[in-house]
Amino acid sequence: MDITPAALARLASWIATGLGVGLWAWSWIKESNPIQKQRFMDCGVVLVFAATLVRVVVQEREMTPIDWALVLLSPLFIAAALWRLARTACPGDVERR
């Protein structure tokens with residue numbers, strides 16, 4: 001079996017999706033601190049949508065309207081989650097110079 005870069009990217013995207021869903025589930029099941037819960041959810045959203053974009057890029061078939069919608073909406077969800085992660089960072093989390 002020959003491992004191509006596209007196959008490796010697809011495998012990595014599924015691993016990232018699993019991690020993202022795991023973080024999202026952890027936030028709902030185990031986390032009680034609301035800020036930590038939101039941060040886990042945001043990390044999960046970034047991983048899932050970034051992995052989805054990777055799978056759309058490496059697919060071998062023609063793009064469907066759903067693919068186009070994901071390409072347009074995924075960066076918005078990723079940007080929103082990263083913005084919330086930056087806003088909810090504790091002052092001790094960031095090293096000040």
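Attention here is on the structure that accompanies the text. Residue numbers restart at each chain and count upward from 1, following the sequence in its written direction. Restriction of local features to residues with pLDDT of at least 70 applies here, the model being predicted, together with a cutoff of 80 or more for giving and counting side-chain atom pairs; totals for whole chains, interfaces and linings are based on all residues. For side-chain calculations, the full set of non-hydrogen atoms in the structure is used, while hydrogens and water are omitted.

Let's talk about the environment of Val21
Heads up, the condition is: In this description a helix means any DSSP run of H or I spanning at least four residues, a strand means any run of E spanning at least two, and both kinds are numbered starting from the N terminus.
With respect to the helices and strands, Val21 occurs in helix α1 (residues 5-29). Separated by 26 residues in sequence, Val21 and Leu47 have C-alpha atoms that sit 8.4 Å apart.

Some thoughts on the packing of α1 against helix α2 (residues 34-58)
Selection criterion: Fitted lines through C-alpha atoms serve as axes, helices being fitted only where they are in contact, and the angles separating the N-to-C directions of these axes extend from 0 to 180 degrees. Just so you know how the angles are binned, under 35 degrees is roughly parallel, over 145 roughly antiparallel, 65 to 115 roughly perpendicular, and the rest oblique. Handedness of a helix crossing follows the sense of rotation of the near helix relative to the far helix, less than a right angle counterclockwise being left-handed and clockwise being right-handed. Any residue that is not Ala, Val, Leu, Ile, Met, Phe, Trp, Tyr, Cys, Pro, Asp, Glu, Lys or Arg is counted as polar, Gly included; the first ten are nonpolar and the last four charged.
Relative orientation of the contacting elements α1 and α2 amounts to 160°, with a least axis distance of 7 Å. One element, α1, and the other, α2, form an angle in the roughly antiparallel class. Seen from above, α1 lies across α2 with left-handed handedness. Classifying every residue of the contact of α1 with α2 by side-chain character gives 18 nonpolar, five polar and three charged.

Considerations on the packing of α2 against helix α3 (residues 65-87)
This is how the line gets drawn: Contacts were defined at the residue level, with two residues in contact if any of their heavy atoms lie within 4.5 Å.
For the pair α2 and α3, interaxial distance at closest approach is 9 Å and the crossing angle is 150°. One finds that α2 runs roughly antiparallel with respect to α3. The two elements α2 and α3 cross, and the hand of that crossing is left-handed. When α2 is examined against α3, the residues Gln38, Arg39, Asp42, Cys43, Val45, Val46, Phe49, Ala50, Thr52, Leu53 and Val56 are found in contact with a partner set consisting of Asp67, Leu70, Val71, Ser74, Pro75, Phe77, Ile78, Ala81, Leu82, Arg84 and Leu85. In the contact of α2 with α3, the residues fall into 15 nonpolar, three polar and four charged.

Some thoughts on α2
The following threshold applies: Here the expected length of a helix is defined as 1.5 Å per residue gap, with one fewer gap than residues. Any pair of nitrogen or oxygen atoms within 3.5 Å is treated as a polar contact; in protein, a donor-acceptor pairing is required on top of that, and neighbouring residues in sequence qualify only through side-chain atoms on both sides.
Here α2 is 25 residues long and its end C-alpha atoms lie 36 Å apart, about the 36 Å a rise of 1.5 Å per residue gives. Next to the buried residues of α2 lie α1 and α3. Taking the backbone nitrogen of Ile35 as reference, a side-chain oxygen 3.2 Å away marks Asn33 as the first, capping residue of α2.

Observations concerning α3
Owing to its 3.6 residues per turn, the α-helix aligns residues three or four sequence positions apart on the same side. Stated formally: To get the bend at a given residue, fit one axis to the seven residues ending there, fit another to the seven starting there, and take the angle between those axes. The classification of residues rests on relative accessible area computed with a 1.4 Å probe and restricted to protein chains. Under 20% of the type maximum is buried, over 50% is exposed, and intermediate values are partly exposed.
Its 23 residues place the ends of α3 33 Å apart at the C-alpha level, agreeing with the 33 Å of an ideal helix rising 1.5 Å per residue. Remark: the principal bend of α3, roughly 30°, maps to Leu73, with a proline, Pro75, within the next four residues. Residues of α3 that are buried include every one of Asp67, Ser74, Ile78, Ala81 and Leu85, and no others. Residues of α3 that are buried make contact with α2.

A closer look at the side chain of Gln59
Looking at the element boundaries, Gln59 is found in the loop between α2 and α3. A distance of 3.0 Å separates polar atoms of two side chains, one belonging to Gln59 and the other to Asp67.

A closer look at the packing of aromatic side chains
Formally: The rule is short: rings of Phe, Tyr and Trp, with Trp giving its six-membered ring, pair when the centres are within 6.5 Å, and they are stacked under 30 degrees, edge-to-face over 60, tilted in between.
For the structure shown, the criterion picks out two aromatic pairs. Between Phe49 and Phe77 the ring centres are 4.9 Å apart and the planes differ by 5°, which places this aromatic pair in the stacked class. Here Phe77 lies in helix α3 and Phe49 lies in helix α2, a separation of 28 residues in the sequence.

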